Amino acid sequence: MTTYDYLASLFSLSGRTAVVTGGSSGIGRAIAEALAQAGAHTVLVARGADRLESVASGLREQGCDVSTVVADLSTRAGIHAAADGVVAAAGEPDILVNSAGINLRPHLGDVDEATWDLTLTVNLEAPFLLGQRFAPGMAARGFGRLIHISSQQAHRSFVDSGVYGVSKGGLESLARSQSEAWSARGVTANTLVPGFVLTPLNQRLQDDTERVAALAARTTVGRNGLPEDFAGAAVFLASASSAYVTGHSLFVDGGFSVH
Ligand SMILES: NC(=O)c1ccc[n+]([C@@H]2O[C@H](COP(=O)([O-])OP(=O)(O)OC[C@H]3O[C@@H](n4cnc5c(N)ncnc54)[C@H](OP(=O)(O)O)[C@@H]3O)[C@@H](O)[C@H]2O)c1
């Protein structure tokens, strides 16, 4: 067996279909690019059609098989429409990555019901409903991968964790529940836990250079995260090689959480 064949037997996603919500930006984009380049037909889901098409066309130029679905995951109807759009574009998926997320950051005392509902719907209810929609089919076929993007704020509170931290704590519990429900039939459920990653999500914080440097100093690696730091971990969790890893929270945070 050649080195290439050996690595392909562990990590190739050829013949798989992957869905990445939030695949048009930041961490989701880097994960979508990694899964597509590892061989999966990859479906990118987000609201903005232009950004989706720009990422998709870049990947198609590299020979990847990519589809896009414009959908708004902030309502139940939008989540169901997203799932319908995925099936129409690519059939039933084998891999679901929930990266679409929002962080509105008001002080908890200022969190109103609309902020609570919006954050919980995009960050937690969409991963739940998409899992309900796709995981039973994955289990029936004997292979599935559910991958969520959580946060340090699932584990500790800082910079107004508020309802965002609640949503991410729920997401890690959701992965454990999904693991219990479906892992015996080949469907694993895991969470990637970023540190502070330089993406459009936290552009406002990035404008404070002292804050950014302080966050980098909190890691043991000595720098803040980049979207491409998630590529290898995502391919691993999406691949056949992670069959015995489930219900796990994998910190991809440069050591942010270890001290
Ligand atoms: N960056 C960090 O430091 C960090 C740290 C911890 C956890 N995370 C988590 O990592 C995930 C990705 O974050 P990121 O930093 O990559 O953010 P980002 O660059 O802002 O990307 C967010 C993505 O989600 C999509 N999205 C947002 N609201 C949506 C909605 N209502 N319906 C459908 N799609 C929607 C956006 O596209 P449209 O706007 O076009 O819809 C975009 O593709 C999030 O779950 C976030 O909580 C990030």
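Reading the values: the criteria
Residues numbered from 1 in each chain as written. Predicted model: local features only at pLDDT ≥ 70, side-chain atom pairs only at ≥ 80, totals over all residues. Heavy atoms only, no water. Core = buried A, V, L, I, M, F, W, Y, C linked by side-chain atoms within 4.5 Å. Buried < 20%, exposed > 50% of the residue type's maximum accessible area, 1.4 Å probe, protein only. Helix = DSSP H or I, 4+ residues; strand = E, 2+ residues; numbered from the N terminus. Contact = heavy atoms within 4.5 Å. Near = heavy atom within 4 Å. Polar contact = N/O pair within 3.5 Å; in protein donor to acceptor, adjacent residues only side chain to side chain. Areas by Shrake-Rupley, 256 points an atom, 1.4 Å probe, with all protein chains shown as cover. 1 Å grid on protein atoms, 1.4 Å probe; cavity = no way out; pocket = protein on both sides within 12 Å on 5 of 7 lines; lining within 4 Å. Sits in = over half its atoms within 2 Å of the grid points. Nonpolar A, V, L, I, M, F, W, Y, C, P; charged D, E, K, R; others polar. Salt bridge = Lys/Arg side-chain N within 4 Å of Asp/Glu carboxyl O. Arc of directions from axis to C-beta. Phe/Tyr/Trp six-rings, centres within 6.5 Å; stacked < 30°, edge-to-face > 60°. Lys NZ or Arg CZ within 6 Å of the ring centre and 35° of its normal. Axes fitted to C-alpha atoms, helices over the stretch in contact; angles between N-to-C directions. Parallel < 35°, antiparallel > 145°, perpendicular 65-115°, else oblique. Left-handed = near helix turned anticlockwise from the far one by under 90°.

With 32 residues, the main nonpolar core has Ile31, Leu35, Ile95, Val97 and Leu192 as its most contacted residues. Here this core gets six residues from one element, more than from any other, and that element is helix H2 (residues 26-37). Sequence-distant contacts of Leu35, that is, excluding residues within four places in its chain, are made with Leu13, Ala18, Val20, Ala40, Thr42, Ile95, Val97, Ala234, Val235 and Ala238. Residues Val45, Ala82, Leu130 and Trp182 belong to the second largest nonpolar core, which totals 25 residues.

In the region of the ligand, 31 residues are neighbours, and Ser25, Ile27, Tyr164, Val197 and Thr199 sit closest. The side chain of Tyr164 places a nitrogen or oxygen atom 2.6 Å from an oxygen atom of the ligand. For the ligand, the accessible surface in isolation is 880 Å², of which the surrounding protein chains cover 94%. If you map the ligand onto the pockets, it falls in the largest pocket. Where the shell around the ligand is concerned, the elements lending two or more residues are H2 and helix H6 (162-182). Of the residues contributing to the shell around the ligand, the split by class is 14 nonpolar, 13 polar and four charged.

Summed over the entire model, instances satisfying the criterion amount to six salt bridges. Here Glu125 ties to Arg76 by a salt bridge, and the two come within 2.4 Å at their closest N and O atoms. Taken as a pair, Glu125 in helix H5 (residues 113-141) and Arg76 in helix H4 (residues 76-90) lie far apart in primary sequence, 49 residues in all. We classify Arg76 as exposed; its relative accessible area is 55%. A salt bridge links Asp229 to Arg223; its shortest N-O distance comes to 3.0 Å.

With that settled, the discussion passes to helix H8 (residues 209-217). Every α-helix winds through 3.6 residues per turn, so residues three or four apart in the chain are directed the same way. Listing the buried residues of H8 in full gives Val212, Leu215 and Ala216. All buried residues of H8 project into a common sector of 100 degrees when viewed along the axis, lining one side. Set apart from the buried face of H8 by more than 90 degrees, the exposed residues are Glu210 and Ala217. Contact partners of the buried residues in H8: helix H7 (203-206).

Let's shift gears to the packing of aromatic side chains. All chains considered together, the criterion is met by one aromatic pair. We note Arg16 situated over the ring of Phe143; from NZ or CZ to the ring centre the distance is 3.5 Å. When the ring centre of Phe158 is taken as reference, the NZ or CZ atom of Arg218 above it lies at 6.0 Å.

Even without being a glycine, Arg105 presents a positive backbone phi close to 60 degrees. Tracing the backbone through its elements, the reader meets Arg105 in the loop between strand S4 (95-98) and H5. With phi around 40 degrees, Val159 is a residue other than glycine that occupies positive phi space. Within the secondary structure, Val159 sits in the loop between strand S5 (144-149) and H6. Look at Val159 and you get partly exposed, because its relative accessible area is 29%.

In this section: the side chain of Gln152. Looking at the secondary structure, you find Gln152 in the loop between S5 and H6. Contacts of Gln152, omitting those with residues within four sequence positions, involve Phe158, Val193, Pro194, Gly195, Phe251, Asp253, Phe256 and Ser257.

Turning our eyes to something else, we now look at the packing of H2 against helix H9 (residues 231-238). Running from amino to carboxyl end, H2 crosses H9 at an angle of 55 degrees, the nearest separation of the two axes being 9 Å. With respect to H9, the element H2 is oriented oblique. As for how H2 packs across H9, the hand of that crossing is right-handed. Across the interface between the two elements, Ile31, Ala34 and Leu35 from H2 touch Ala231, Ala234, Val235 and Ala238 from H9. Looking at side-chain class alone, the contact of H2 with H9 contains seven nonpolar, no polar and no charged residues.

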